[in-house]
Amino acid sequence: MIANLVQLAAEEEQNPLLPPGPELLVGTIAFAIVFFFFWKKLLPNINKVLEERRTAIEGGIEEAEAMKVEAQSVLEQYKAQLAEARHEAARLRQEAQEQGAALIAEMRAEGQRQREEIIAAGHAQIEADRKVAASALRQDVGKLATDLAGKLVGESLQDHARQSRVIDRFLDELEEKAEAGR
């Protein structure tokens, strides 16, 4: 069997890299038909699909860039609104502090005024009480003085006009002595 193969190989001494002529012609025609089919039918469809993809990708990129610009704009607006809100909050806080300080000052002034009124009313009440007490004391001292003077003099001093003069003279002397002692 090996011998038969060797004999066949010796008879055909053709170059293994070059196919026989008819085979080469049939292969070239088949290749041209397939190439023509690909070039006319498949290649335009492939190019069409690739162009659609490229357009879709470019559109997506443009849309993404537009969305990015819009997002940046919205972000800037948000930052501006946030800064404005912070400024407004600081202004309101400042106004509240000023109003609080004014209210505290007003309340202090009102408290001071009420304190002064209470002190003045207290002084007036003390003065009125002192006058009432002095008047009552004057009457009591006058009565006691007339009784004592009547016993000393041995004569009744019940006359009201005389009694008033004696009492007034006696109290005036007491006041002069009190003022001189101070």
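These numbers come from a predicted model, not from an experiment. (Residues numbered from 1 in each chain as written. Predicted model: local features only at pLDDT ≥ 70, side-chain atom pairs only at ≥ 80, totals over all residues. Heavy atoms only, no water.)

### Quick notes on the overall build of the protein
No. 1: In terms of helices and strands, the protein carries three helices and zero strands.
No. 2: Split into buried and exposed, the 182 residues of the protein put 5% on the buried side.
No. 3: Summing over all exposed atoms, the protein offers an accessible surface of approximately 16300 Å²; the carbon and sulfur share of this is 63%. (Helix = DSSP H or I, 4+ residues; strand = E, 2+ residues; numbered from the N terminus. Buried < 20%, exposed > 50% of the residue type's maximum accessible area, 1.4 Å probe, protein only. Areas by Shrake-Rupley, 256 points an atom, 1.4 Å probe, with all protein chains shown as cover.)

### Notes on the packing of aromatic side chains
No. 1: Within this structure, the stated rule accounts for two aromatic pairs.
No. 2: Aromatic side chains Phe31 and Phe35 sit 6.2 Å apart centroid to centroid with 20 degrees between the ring planes, which places their arrangement in the stacked category. Of the two residues, Phe31 and Phe35 both sit in helix 2 (residues 21-153), four residues apart, roughly one turn of that helix.
No. 3: Take Phe31: its relative accessible area is 59%, and that puts it in the exposed class. (Phe/Tyr/Trp six-rings, centres within 6.5 Å; stacked < 30°, edge-to-face > 60°.)

### Some points on the layout of surface pockets
No. 1: Roughly 230 Å³ of internal volume is contained in the largest pocket.
No. 2: In terms of lining residues, the largest pocket is bounded by Arg130, Ala134, Leu137, Arg138, Val141, Leu171, Leu174 and Glu175.
No. 3: Looking at the lining of the largest pocket, the elements with two or more residues in it are helix 2 and helix 3 (160-181).
No. 4: Residue composition of the lining of the largest pocket, by class: five nonpolar, no polar and three charged. (1 Å grid on protein atoms, 1.4 Å probe; cavity = no way out; pocket = protein on both sides within 12 Å on 5 of 7 lines; lining within 4 Å. Points joined across faces, edges and corners; volume = space filled by probe spheres on them. Nonpolar A, V, L, I, M, F, W, Y, C, P; charged D, E, K, R; others polar.)

### Details of the pattern of salt bridges
No. 1: Scanning all chains against the criterion turns up eight salt bridges.
No. 2: Of the charged contacts, one joins Glu116 and Arg115 as a salt bridge, the two residues approaching to 3.5 Å between their closest N and O atoms.
No. 3: A salt bridge links Glu127 to Arg130, with the shortest nitrogen-to-oxygen separation between them at 2.6 Å. Taken together, the residues span about one helical turn, with Glu127 and Arg130 both in helix 2 at a distance of three residues.
No. 4: On the basis of relative accessibility, which here comes to 48%, the residue Arg130 falls in the partly exposed class. (Salt bridge = Lys/Arg side-chain N within 4 Å of Asp/Glu carboxyl O.)

### With respect to a nonpolar patch on the surface
No. 1: A cluster of nonpolar side chains, Val34, Phe37, Phe38, Leu42, Ile46 and Leu50, forms an exposed patch at the surface whose accessible area comes to about 530 Å².
No. 2: Relative to the helices and strands, Leu42 resides in helix 2. (Patch = residues over 30% accessible without salt bridge, like charges linked within 9 Å, V, L, I, M, F, W, Y side chains within 5 Å.)

### A few points about the confidence of the model for the protein
No. 1: Confidence along the protein averages 83 in pLDDT terms, with 84% of residues attaining 70 or more.
No. 2: Mean pLDDT across the secondary structure elements of the protein bottoms out at helix 1 (residues 2-11), with 58, and peaks at helix 2, with 88. (pLDDT = per-residue confidence, 0-100.)

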